[in-house]
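Architecture at a glance
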Amino acid sequence: MSCLKPHQMEDKVIRGLTLTDKEHLSRCEHCSTLYESILHEHQEWNSRLYSARVSEDFTTHIMNALEDVEIEPIDPNEEKRMTLLRQRNIKRWISAAAVVIVLGGSSYYALQQPFVQQQLGIQEQIEPWATPMELIGYGIFKKYGELAQYPKIKAESNGVTVSVEEVLADATQIVIAMEITKDGDMEYSPHLGWEMNMEDYFRVTNSEGKDIGIVDNNKSRGMNEYKFVRIPLDTSNISDTIQITSTLNKLQASDANGEPIFLEGDWSFEFNIDMRKAMQQAVITELHESYQMPDGTKVRAEQLTRTPNGYRIDFVTEQASADVSEENPLYSGDEETLLYFDLANGTAGDNYERYVYFNDDDNRMTIRYRDDKELHWSLYFNAEQDMVDKPFVFHFKGYSQLASTKGEITFRPRALLSKPAVFKDQGDQFTFTSMTVSDDPGGEDEKVGILSLSAELKNNFAKDKWVMTDKNGKEYQVEYRGAMNMDTKELSDFKFIMRGMSELPEEVTLKRVTTDKTVDDMNWKLELPGVKEVPWELIDWEKEELKYRMNLVSE
């Protein structure tokens, strides 16, 4: 897949990403940055358009205007059906309206806003989002409210200001919410890139100067100029006051063509965080259970920490040498490891729904630190309301991670129709049924090779990398199009695309370079004890969600 132009990426934001799109964004910093920028623009319009409120006499004006209009009574059953329909489609309406305005251009909104205000009496001040954390999609303020702190730190350099608006501090982590703004003369919109040596820029130390955390997998998250950096803490070394230090000297932006550029400056700062409330609202339970994985690696559970913001289980994995990437099956270098697990009520045996963290599709391990003997890592998850203080069972089923593979198959493309080629590798089986050279199905003005296939998969296919070579040694990078059900791993209308292939080769060799390998033969059931009570207020989230939906309808 080639890089997209801004108008093409906007279409992706509106219509949604395909499997191929997601795989490309995970590898391409340019497209990832462009996608974040356009997504943020849509979200910003959405928030601005639908946070305004009309004046108190708005209803009176409308009713006066309708005074002489005869309105037919509605059937009660139809009224009930329409109410449900409104509730079901309210978010869809909001998104669609926001998109229409965005496509119309910002000038449309700027010209029309005074007229609308004049006619309907809408307040000039548009209401902001509740908190910076909610703005960037981290959490719900009612849940972590007492643990939030507001240092109001600003660092300005070369026309760019980095503001620390909100910090969430609990016993397991520090989350720093930042806003990055520019002055009026700057052409580019700066932001923290997805990966930019975050571990070098942010440091957390206790009162003795000891480092007690590193940036989670060296990433920033959030929207374009609104970002958060998450730092898992070493719970055993937290002091009453800890210090956050930034040595940030580089930001990222995109030029007019969407190409990444870097801005240098000095956005260093430091501030203290009071951890006493965070530690008071934590329940820490020591764990002493261990498990031997199928390959002989030992994993030990250290402790379970309950906080209002969620739970964390800390693990230690032993390793045979200092080369963590080769000796530890749960760690694969820069790639994150995806974990498979579920939670169950220890007495009733009921499974609780898996928690999806960070609004991501996956549950991932967080590496706190490693040395030449052990890998120390954690898993975060949320607790269902009826299991906050009760014992429950954590069932560790398996994991997947990016792994190299040397599998390859040689075949004659023209012979596939009469004799499909079957390729087995890493527990997966692919059947290649036809290959042609034709117009690019993605709409690009070029001829491409198209290889049709079916598959029976054990591993996650989304991060696979393949290369095709013809008899003359010419290489073709392989892209893929189609859909994949992440639960059943079934492929739908799936094809491999080889760019630069203008005619069908006599013979080709197809090599699989990497795959997101799945290990699913683990079966560790870790029984976690309950506690008498937790030192924070429990919230009935079903009632809160109902209240939220009713407010949407009434507005």
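These lines cover the structure that appears in this document, whether it is placed above or below. Note that the coordinates shown come from a computational prediction; the quantities given were computed from them, not determined experimentally.

In terms of helices and strands, the protein chain carries 12 helices and 28 strands. A burial count over the protein chain gives 46% of its 555 residues as buried. Taking contacts inside the protein chain between residues at least 6 apart in sequence as the whole, the part at least 24 apart equals 67%. Of the accessible surface of the protein chain, which amounts to about 29500 Å², a share of 47% is contributed by carbon and sulfur atoms.

This part is about the pattern of salt bridges. Charged atoms that come close allow side chains of opposite charge to pair. Under the defined criterion, the tally for this structure stands at 22 salt bridges. For Glu-374, the salt bridge goes to Arg-300, with nearest N and O atoms at 3.7 Å. Of the two residues, Glu-374 is situated in strand β18 (residues 374-381) and Arg-300 in strand β13 (residues 298-307); the sequence distance between them amounts to 74 residues. Given the relative accessible area of 30%, Arg-300 is considered partly exposed. Residues participating in the shared-partner salt-bridge network are Asp-440, Glu-446, Glu-479, Arg-481 and Arg-499.

So, on to the nonpolar core. Across soluble globular proteins, nonpolar side chains show a tendency to be buried alongside one another. Counting 49 residues, the largest nonpolar core has Ile-174, Ile-176, Phe-202 and Met-275 as the members making the most contacts within it. Not counting chain neighbours up to four residues away, the residues in contact with Met-275 comprise Ala-169, Asp-170, Ile-174, Leu-233, Ile-238, Ser-239, Asp-240 and Ile-242. Core analysis: the next-biggest nonpolar cluster, separate from the first, contains 35 residues, Leu-287, Phe-341, Leu-379 and Val-531 among them.

Another point: the pairing of strand β23 (residues 447-456). Regular strands place side chains that alternate from one sheet face to the opposite one. Direction of pairing for strand β22 (residues 428-439) relative to β23: antiparallel, over a ladder of 10 bridges. Across the sheet, the residue bridging to Phe-432 is Leu-453, located in β23. Bridge count between β23 and strand β26 (residues 491-499): five bridges; the pairing is antiparallel. Its bridge partner lying in β26, Ser-452 is registered against Lys-495.

We now examine the packing of aromatic side chains. The geometry of two aromatic rings is summed up by the distance between their centres and the angle between their planes. On inspection of all chains with the given rule, the structure shows 27 aromatic pairs. With a centroid separation of 6.1 Å and 20° between ring planes, the pair formed by Phe-269 and Phe-271 is classed as stacked. There is no split in this pair, since Phe-269 and Phe-271 are both buried. Linked through ring pairs, Tyr-291, Tyr-311, Phe-315, Phe-341, Trp-377, Phe-381, Phe-392, Phe-394, Phe-396 and Trp-524 together constitute an aromatic cluster. Sitting above the plane of the Tyr-380 ring, Arg-230 keeps its charged end 4.0 Å from the centroid. Positioned over the ring face of Phe-262 is Lys-250, at 5.5 Å from the centre of the ring.

For Lys-152, which is not glycine, the phi dihedral falls at a positive 55°. For Lys-152, the position within the fold is in the loop between β1 (148-149) and β2 (153-157). In this structure Lys-152 comes out as exposed when scored by relative accessible area, which is 54%. You will see that Asp-493, though not glycine, has its phi angle at about 50°, which is positive. Of note, Asp-493 is situated in strand β26.

This brings us to the pairing of β22. Note that strand β21 (residues 421-425) and β22 share five bridges and pair antiparallel. Of the residues in β22, the one forming a bridge with Lys-424 is Gln-429. Count of turn residues in the β21/β22 antiparallel hairpin: two residues, of which Gln-426 carries a positive phi of about 55°.

Further remarks concern the environment of Lys-495. Note that Lys-495 resides in strand β26. Residue class for Lys-495 comes out partly exposed when judged on its relative accessible area of 26%. Spatially, the C-alpha atom of Lys-495 lies 10.0 Å from that of Pro-441, the residues being 54 residues apart in sequence. When residues no more than four places from it in sequence are discounted, the contact partners of Lys-495 are Ile-450, Leu-451, Ser-452, Leu-453, Glu-479, Tyr-480 and Arg-481.

Another point: the sheet that holds strand β9 (residues 241-254). One open sheet holds the four strands; their spatial order is β6-β5-β9-β10, and the pairing between them is antiparallel. On the outer flanks of this sheet lie β6 (211-213) and β10 (260-274), each paired with one strand and no other. Taken over all neighbouring pairs, the strand axes of this sheet differ in orientation by 30° on average, direction set aside. Here β9 pairs with β10 via 13 bridges, running antiparallel.

Criteria and thresholds
Residues numbered from 1 in each chain as written. Predicted model: local features only at pLDDT ≥ 70, side-chain atom pairs only at ≥ 80, totals over all residues. Heavy atoms only, no water. Helix = DSSP H or I, 4+ residues; strand = E, 2+ residues; numbered from the N terminus. Buried < 20%, exposed > 50% of the residue type's maximum accessible area, 1.4 Å probe, protein only. Contact = heavy atoms within 4.5 Å. Areas by Shrake-Rupley, 256 points an atom, 1.4 Å probe, with all protein chains shown as cover. Salt bridge = Lys/Arg side-chain N within 4 Å of Asp/Glu carboxyl O. Core = buried A, V, L, I, M, F, W, Y, C linked by side-chain atoms within 4.5 Å. Pairing = 2+ DSSP bridges. Phe/Tyr/Trp six-rings, centres within 6.5 Å; stacked < 30°, edge-to-face > 60°. Lys NZ or Arg CZ within 6 Å of the ring centre and 35° of its normal. Axes fitted to C-alpha atoms, helices over the stretch in contact; angles between N-to-C directions.

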